[in-house]
Amino acid sequence: MGEMNENKGHSFLDFAYQMYKSMKTNEINLVYEGVVTQEITKTFTSLTEKNLAKSEESNMVQRKVFHVMVECLQNISKHADSLEGEEEKRGIVMVSHGKDEYNIITGNVIKNEKIPALKESLETVNSLDKEDLSALYKKQMREGRLSDKGGAGLGLIDIAKKTGSKLSYQFKELNDDISFFILTSTIKRK
Amino acid sequence: MEVINIKGTEDTPNVILDKENGHFEISGRSLPEDVNMFFEPIMDWIDEYAEDPLDKTVFDFKLEYFNTASSKVILDILLKFEEIVENGKEVTIKWHYHEDEEDMLEAGEEYADIVEIPFEYIVLED
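The rules behind the values
Residues numbered from 1 in each chain as written. Chains lettered and ligands numbered in written order. Predicted model: local features only at pLDDT ≥ 70, side-chain atom pairs only at ≥ 80, totals over all residues. Heavy atoms only, no water. Contact = heavy atoms within 4.5 Å. Buried area = accessible area lost by both parts, 1.4 Å probe. Salt bridge = Lys/Arg side-chain N within 4 Å of Asp/Glu carboxyl O. Polar contact = N/O pair within 3.5 Å; in protein donor to acceptor, adjacent residues only side chain to side chain. Helix = DSSP H or I, 4+ residues; strand = E, 2+ residues; numbered from the N terminus. Nonpolar A, V, L, I, M, F, W, Y, C, P; charged D, E, K, R; others polar. Patch = residues over 30% accessible without salt bridge, like charges linked within 9 Å, V, L, I, M, F, W, Y side chains within 5 Å. Areas by Shrake-Rupley, 256 points an atom, 1.4 Å probe, with all protein chains shown as cover. Lys, Arg positive; Asp, Glu negative; His and termini not counted. Charge placed at Lys NZ, Arg CZ, Asp CG, Glu CD. Buried < 20%, exposed > 50% of the residue type's maximum accessible area, 1.4 Å probe, protein only. Phe/Tyr/Trp six-rings, centres within 6.5 Å; stacked < 30°, edge-to-face > 60°. Lys NZ or Arg CZ within 6 Å of the ring centre and 35° of its normal. Axes fitted to C-alpha atoms, helices over the stretch in contact; angles between N-to-C directions. Parallel < 35°, antiparallel > 145°, perpendicular 65-115°, else oblique. Left-handed = near helix turned anticlockwise from the far one by under 90°. Pairing = 2+ DSSP bridges. 1 Å grid on protein atoms, 1.4 Å probe; cavity = no way out; pocket = protein on both sides within 12 Å on 5 of 7 lines; lining within 4 Å. Points joined across faces, edges and corners; volume = space filled by probe spheres on them.

Caption draft 1: Molecular detail of the interface of chain B and chain A. Opposite the 25 residues of chain B that make contact, chain A presents 30 residues. Both sides together, the interface formed by chain B and chain A hides about 2600 Å², and carbon and sulfur atoms give 49% of it. Of all residues in chain B, T68(B), K72(B) and E110(B) bury the most surface against chain A, accounting for 24% of the area lost on that side. Between chain B and chain A we count nine salt bridges in total. Our enumeration of links across chain B and chain A arrives at 16 residue pairs in polar contact (both at pLDDT 80 or more). Going through the elements one at a time, β4 (56-66), α2 (68-86) and α3 (102-114) of chain B are the ones with two or more residues in the side of chain B that touches chain A. In terms of residue class, the side of chain B that touches chain A is built from nine nonpolar, five polar and eleven charged.

Caption draft 2: Seen up close, a negative patch on the surface. All names here are of chain A. Taken together, the side chains of E84, E86, E87, E88, E113, E173, D176 and D177 make up a negatively charged region of the molecular surface. Its location among the elements puts E84 in the loop between α3 (59-79) and β2 (90-97). Of the residues examined, E84 reaches a relative accessible area of 76% and is grouped as exposed.

Caption draft 3: The packing of aromatic side chains, seen in detail. Considering all chains together, one arrives at 18 aromatic pairs over all chains under this definition. Consider the rings of F66(A) and Y65(B), whose centres lie 5.0 Å apart with planes at 90°: the pair is edge-to-face. Here Y65(B) lies in strand β4 and F66(A) lies in helix α3, a pairing that spans two chains. Among the aromatic residues, those joined into a cluster by ring pairs are F24(B), W45(B), Y49(B), F59(B), F61(B), F81(B), W95(B), Y111(B), F119(B) and Y121(B). Geometry around Y137(A) places K161(A) over its ring, the cationic atom sitting 4.8 Å from the centre.

Caption draft 4: Fine view of the packing of α3(A) against helix α6 (residues 155-163) of chain A. Residues and elements named next belong to chain A. Viewed as axis vectors pointing N to C, α3 and α6 meet at an angle of 160°, and their least axial separation amounts to 10 Å. One finds that α3 runs roughly antiparallel with respect to α6. Relative to α6, α3 is oriented so that their crossing is left-handed. Across the interface between the two elements, K64, H67, V68, E71, C72 and N75 of α3 pack against G155, L156, D158, I159, K162 and T163 of α6. Class assignment of the residues belonging to the contact of α3 with α6 gives a composition of four nonpolar, four polar and four charged.

Caption draft 5: Quick look at the pairing of β2(A). Residues and elements named next belong to chain A. Bridge analysis of strand β1 (residues 28-35) against β2 gives seven bridges, and the strand direction is antiparallel. Bridging from a neighbouring strand, V31 pairs with M94 of β2. Joining the antiparallel neighbours β2 and strand β3 (residues 101-111) is a turn of three residues.

Caption draft 6: Inspection of the sheet that holds strand β6 (residues 119-124) of chain B at higher detail. Residues and elements named next belong to chain B. Spatial ordering of the open sheet is given by β1-β2-β3-β4-β5-β6, a layout of six strands whose pairing is mixed. Where the open sheet ends on each side, the last strands, each with one partner, are β1 (4-6) and β6. Between one strand axis and the next, the sheet turns through 15° on average, direction left out of account. Two elements, β1 and strand β2 (residues 14-18), share three bridges in a ladder whose sense is antiparallel. Within the sheet, the bridge partner assigned to I6 lies in β2 and is V15. Sheet contacts for helix α1 (residues 35-51): β1, β2, β3 (23-30) and β4; angle to β2, the most-contacted strand, approximately 20°. Where α3 meets the sheet, it contacts β4, β5 (90-98) and β6, and its direction lies at approximately 160° from that of β5.

Caption draft 7: Looking closely at empty space enclosed by the protein. Within this structure, the stated rule accounts for one cavity of 30 Å³ or more. Reported here for the largest cavity is a volume of approximately 40 Å³. What lines the largest cavity is simply K130(A), K161(A), K162(A), D103(B) and E106(B). Breaking the lining of the largest cavity down by element, the ones donating at least two residues are α6 of chain A together with α3 of chain B.

Caption draft 8: Region of interest: the side chain of T12(B). All names here are of chain B. Tracing the chain through its elements places T12 in the loop between β1 and β2. Separated by 2.6 Å, the side chains of T12 and T9 make a polar contact. Setting aside chain neighbours within four positions, we find T12 in contact with R29, P32 and F38.

Caption draft 9: Summary view of the layout of surface pockets. Of the voids in this model, the second largest pocket is the one considered here, and its volume is about 480 Å³. Residue lining of the second largest pocket: 30 residues in total, with R63(A), H67(A), E64(B), Y65(B) and M104(B) positioned closest to the centre. For the lining of the second largest pocket, the leading source of residues is α3(A), giving eight residues. When its residues are assigned to classes, the lining of the second largest pocket shows ten nonpolar, six polar and 14 charged.

So, in structure tokens, the structure goes:
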């Protein structure tokens, strides 16, 4: 018994250290998997904000990172679907930075039936330049209604507009009903 | 009219709506989870104000951050004040932003494109 626990402890230590090393090497600032609520959103954004404030990042980049994080997290807390039986809105969130950019990666479960519409929104946003994004944003604000979840269909347009980068995304099918949706938003450091 | 004076939190803005003293201001951050719930009393107040507004209203927007759901509600507020303009009263929106906050200036310019209300852009000093 004792030996087994020791082995377990040892392998966890290895795992934790490997993860620590890998996070360091890949310059990952934050990883989270779990329920995404408004409280979590507030906690992560303020944590990231404090860390960025300590760094020498320009205010503009700091604000953009903050902005994109809020939209991504609120997207999960409003739209994420669940594995069978779960009521909660779960997801993963990862913030990393390299020499030239910050990446904010989020992932959540989505019902397959919702994918075509989401893909279309993503493709539309990716096909537009800054001016067209602004025009679409204005149109959507005027015509869009706030859904009962409080979404306005503006999040993706806004992320593309603020970051000036294309939205990178992937869907991984899990079964006939659901897939895993990954969205990567990139903010250039200037 | 009653005065609305809401203190801001880390995810909701400061709001002052004071007809008697001609003070109309929204400042800070707006990223509430339930935008409708937060802004409902504010929209109600503005609806009532629109029935008998001052001859000249100056509304200060000093937002440092707002989420996209809030952006829609801010437009709804501005559209209310546009009605006041259409009814022959004067309204000015003072849109404050930090010098390095290009995105916030752009947001103001987008609203100014949509609503027929004069906007003044004011650089906030830290």
